[in-house]
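# Fold and geometry: a report
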Amino acid sequence: MPKKQFAILGLGKFGTSIARKLYENKQIVLGVDLDEDNVEDAEMFLTRAVIADSTEEKAMRGLEIDSFDYVVVAMGDIESSILTVMLLKNLGVKQIIAKATEKRHGQILESIGVSNVIYPEKDMGLRVANHLLYPNTIDYIELSQKLFLEEIKIPAEMVGKNLVELNLGAKYNVNVLAIFRDDNIIVPPFSNESLQKEDILVATGDRKYLTKLSNLNQN
């Protein structure tokens, strides 16, 4: 994976979790927060840690914030969030991802040019609900109203069988794009690849068909 430069503005739990994931994937990560304790707590997950006010133009110019591929505005304070985004736009930052605490906050962020608005509490609530409804679905991405990309634990009855034998396209109307096995990913999976006990399928299809496949684990 080629390295990209990310700036995380706001190092609370949300910002730090993003920084950690990016850093673990060997990306270049700058972390900025006005709170010294937050910076110290997140420092081990950052390429560079800075104590600064993201609403101050001089501070952001000094960090050459416009040179980053992505800037994540992760603070929870609505006023600071909006002021930071406005400053970033004025400084020429193109890709801004921002956390919104509620709908009106998100609408304001979108209106001033945020590339992607994230609602952590809402998204987490949906994920928890989906996990309760579909316990064998590990993770998912909603590509459209009907098309989903999901990670699914393989049912016991599939162990030792290959994709030709299983014929999931015909039986469940889903397409298998990859297989997670231990720390490896098989992309694309060979049709004669025998599935193993701990394998995870990455599949696309209509939610109702993916659910049918996932629910085999409960039978």
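Shown above is the structure to which this text applies.
This text gives an overview of the structure that appears in the document. These figures come from a predicted structure and were not determined experimentally. (Residues numbered from 1 in each chain as written. Predicted model: local features only at pLDDT ≥ 70, side-chain atom pairs only at ≥ 80, totals over all residues. Heavy atoms only, no water.)

## Quick look at the pattern of salt bridges
Pairing is possible between side chains that carry opposite charge, provided their charged atoms lie close to one another. This is how the line gets drawn: Counted as salt bridges are all cases of a side-chain nitrogen of Lys or Arg within 4 Å of a carboxyl oxygen of Asp or Glu. Numbering of helices and strands runs from the N terminus, with a helix taken as a DSSP run of H or I at least four residues long and a strand as a DSSP run of E at least two residues long. Relative accessibility decides the category of a residue: with a 1.4 Å probe and only protein chains considered, values under 20% of the type maximum give buried, values over 50% give exposed, and everything between is partly exposed.
In this structure the tally under the stated criterion is four salt bridges. Across the pair Glu193 and Arg181 runs a salt bridge, and its minimum N-O distance is 2.9 Å. Within this pair, whereas Glu193 is found in the loop between β10 (184–186) and β11 (200–206), its partner Arg181 is found in strand β9 (residues 175–181), the two being separated by twelve residues in sequence. The salt bridge partner of Arg181 is Asp199, with a shortest N-O separation of 2.7 Å. Here Arg181, found in strand β9, pairs with Asp199, found in the loop between β10 and β11; they are 18 residues apart in sequence, far enough to count as distant. Here the two residues Arg181 and Asp199 agree in accessibility, since each one is buried.

## A look at the environment of Gly169
Residue placement: Gly169 occurs in helix α8 (residues 168–172). Gly169 sits in the partly exposed class, given a relative accessible area of 37%. Separated by 36 residues in the primary sequence, Gly169 and Gly205 have C-alpha atoms spaced 9.4 Å apart.

## Some details on the packing of aromatic side chains
The cut-off we apply is this: Ring geometry is summarised as follows: Phe, Tyr and Trp rings, the Trp one being its six-membered ring, pair when their centres sit within 6.5 Å, and such pairs are stacked at plane angles under 30 degrees, edge-to-face over 60 and tilted between the two.
All told, the structure shown has one aromatic pair when counted by the stated rule. Ring geometry for Phe6 and Tyr70: centres 5.4 Å apart, planes at 10 degrees, overall stacked. Of the two residues, Phe6 sits in strand β1 (residues 5–9) while Tyr70 sits in strand β4 (residues 70–73), which places them 64 residues apart along the sequence. Taking the relative accessible area as the measure of exposure, Tyr70 reaches 26% and is therefore partly exposed.

## Quick notes on unusual backbone geometry
Between Val187 and the following residue, Pro188, the backbone shows a cis peptide bond with an omega angle of -15 degrees. With respect to the element layout, Pro188 can be found in the loop between β10 and β11. Here Lys26, not a glycine, exhibits a phi torsion of approximately 65 degrees, which is positive. In this fold, Lys26 is placed in the loop between α1 (13–24) and β2 (28–33). Residue classification places Lys26 among the exposed positions, given a relative accessible area of 61%.

## Some details on the pairing of strand β5 (residues 96–99)
How we decide: If DSSP finds at least two bridges between two strands, the strands pair. Viewed with both strands pointing away, a crossover whose connecting path from the first strand over the helix to the second turns clockwise is right-handed.
The side-chain alternation of β5 yields two buried faces, one formed by Ile96 and Ala98 and the other by Ile97 and Lys99. In terms of strand pairing, β4 meets β5 through three bridges, oriented parallel. Considered in β5, the bridge of Val72 is made with Ile97. Handedness of the crossover joining β4 and β5 through helix α4 (residues 78–90): right-handed. Where β5 and strand β6 (residues 116–118) come together, three bridges link them in parallel fashion. Paired with Lys99 across the strands is Ile118, a residue of β6.

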